Amino acid sequence: MQVVLAFVDDGSRRRAAFPAAVRETDAEVLAELRERAKAIRRTIASERARIDALSTEPRTWPLAERVALYLHHPVTGRLARMLVWRLDDAVGMPLDAARRSMQ
C-alpha cells in the first residue's frame, strides 16, 4: 500500500513534480499535505505491525466484530482485505483476490 502526493494536470496526466507556480503560491498548503502524507505512511506501518502481531495470537472473534474492526476500517480495511482469514475450520482467500477472480 502506497501513499503518493502528486500533481495531476488538466489533461489528467500525473507530473513528476509540482509546477513552480504551485510550489511558490501554495507552499504552506503543499507543506501541510506532505506532513499529512507522512502521517498516513506512519499509520499504515503501525497498522501493518499491529495486524502482524495479532496474527500470532490465538483469538476467536465474532464475524461481525471482525468485519467492523478490520474490513470496514478506512486504513486497516485495505490491509485486512489482502489477508487470508481463517474462519473456524475454513480458510478464505484474500477478498481482493476473490473479487478479481469473480470478474
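As shown above, the structure is provided for reference.
Here's what I pulled together on the structure shown here. Numbering of residues begins from 1 in every chain and follows the order in which that chain's sequence is written. The model is predicted, so local features are restricted to residues of pLDDT at least 70 and side-chain atom pairs to those at 80 or more, both for listing and for counting; the totals for chains, interfaces and linings are taken over all residues. The basis for the side-chain values is all heavy atoms of the structure; hydrogens and waters are excluded.

Attention now moves to the overall build of the protein chain. On a plain count of helices and strands, the protein chain comes out with 5 helices and 4 strands. Secondary structure of the protein chain in N-to-C order comes out as β-β-α-α-α-α-β-β-α. If you take every contact in the protein chain between residues at least 6 apart in sequence, the share linking residues at least 24 apart comes to 34%. Note on areas: Shrake-Rupley, 1.4 Å probe, and residue coverage restricted to the protein chains presented here. Of the roughly 8100 Å² that the protein chain leaves accessible, carbon and sulfur atoms contribute 55%. Numbering of helices and strands starts at the N terminus; helices are DSSP runs of H or I of at least 4 residues and strands are runs of E of at least 2. Contact between two residues is taken to exist if any of their heavy atoms lie within 4.5 Å; hydrogens are not considered.

The topology assignment puts Glu47 in helix H2 (residues 27–54). Contacts of Glu47, omitting those with residues within four sequence positions, involve Val75, Thr76 and Leu79.

Position of Thr76 relative to the elements: it lies in helix H4 (residues 76–80). Working definition: with a 1.4 Å probe on protein chains only, accessible area under 20% of the residue-type maximum means buried, over 50% means exposed, and in between means partly exposed. Overall, the relative accessible area of 0% leaves Thr76 in the buried class. In this structure the side chain of Thr76 is engaged in a polar contact, spanning 2.3 Å, whose partner is the side chain of Glu47. Those residues in contact with Thr76 that sit more than four places away from it in its chain are Glu47, Arg50, Ile51, Leu69 and Tyr70. Within 3.5 Å is the distance limit for a polar contact, defined as a pair of N or O atoms, with the added protein rule that one can donate a hydrogen and the other accept it, and that residues adjacent in sequence qualify only through two side-chain atoms.

Glancing now at the environment of Gln2. Mapped onto the fold, Gln2 is located in the segment before strand S1 (7–8). A sequence separation of 35 residues divides Gln2 from Ala37, and the C-alpha atoms of the two residues are 9.9 Å apart.

It is worth spelling out H2 at this point. Take the residue count of a helix, subtract one, and multiply by 1.5 Å to get its expected span. Helix length check: H2, at 28 residues, gives a terminal C-alpha distance of 41 Å against a target of 40 Å (1.5 Å per residue), a fit within 8%. Taken residue by residue, H2 has Leu30, Ala37, Ile44, Glu47, Ile51 and Leu54 as its buried positions. Here the buried face of H2 lies against helix H1 (20–25), helix H3 (63–71) and H4.

Although it is not a glycine, Ser12 sits at a positive phi angle of roughly 65°. Position of Ser12 relative to the elements: it lies in the loop between S1 and strand S2 (14–15).

Attention shifts here to the environment of Ala37. With respect to the helices and strands, Ala37 occurs in helix H2. The buried category is assigned to Ala37, whose relative accessible area is 7%. Once the C-alpha coordinates of Ala37 and Leu5 are considered, the two residues, 32 residues apart in sequence, prove to be 7.0 Å apart.

So, about the nonpolar core. Working definition of a nonpolar core: buried Ala, Val, Leu, Ile, Met, Phe, Trp, Tyr and Cys residues. They are joined through side-chain atoms within 4.5 Å. By size, the foremost hydrophobic cluster in this structure holds 6 residues: Ile51, Leu54, Tyr70, Leu71, Leu79 and Ala80. Put simply, the parts of the chain that give this core at least two residues each are H2, H3 and H4.

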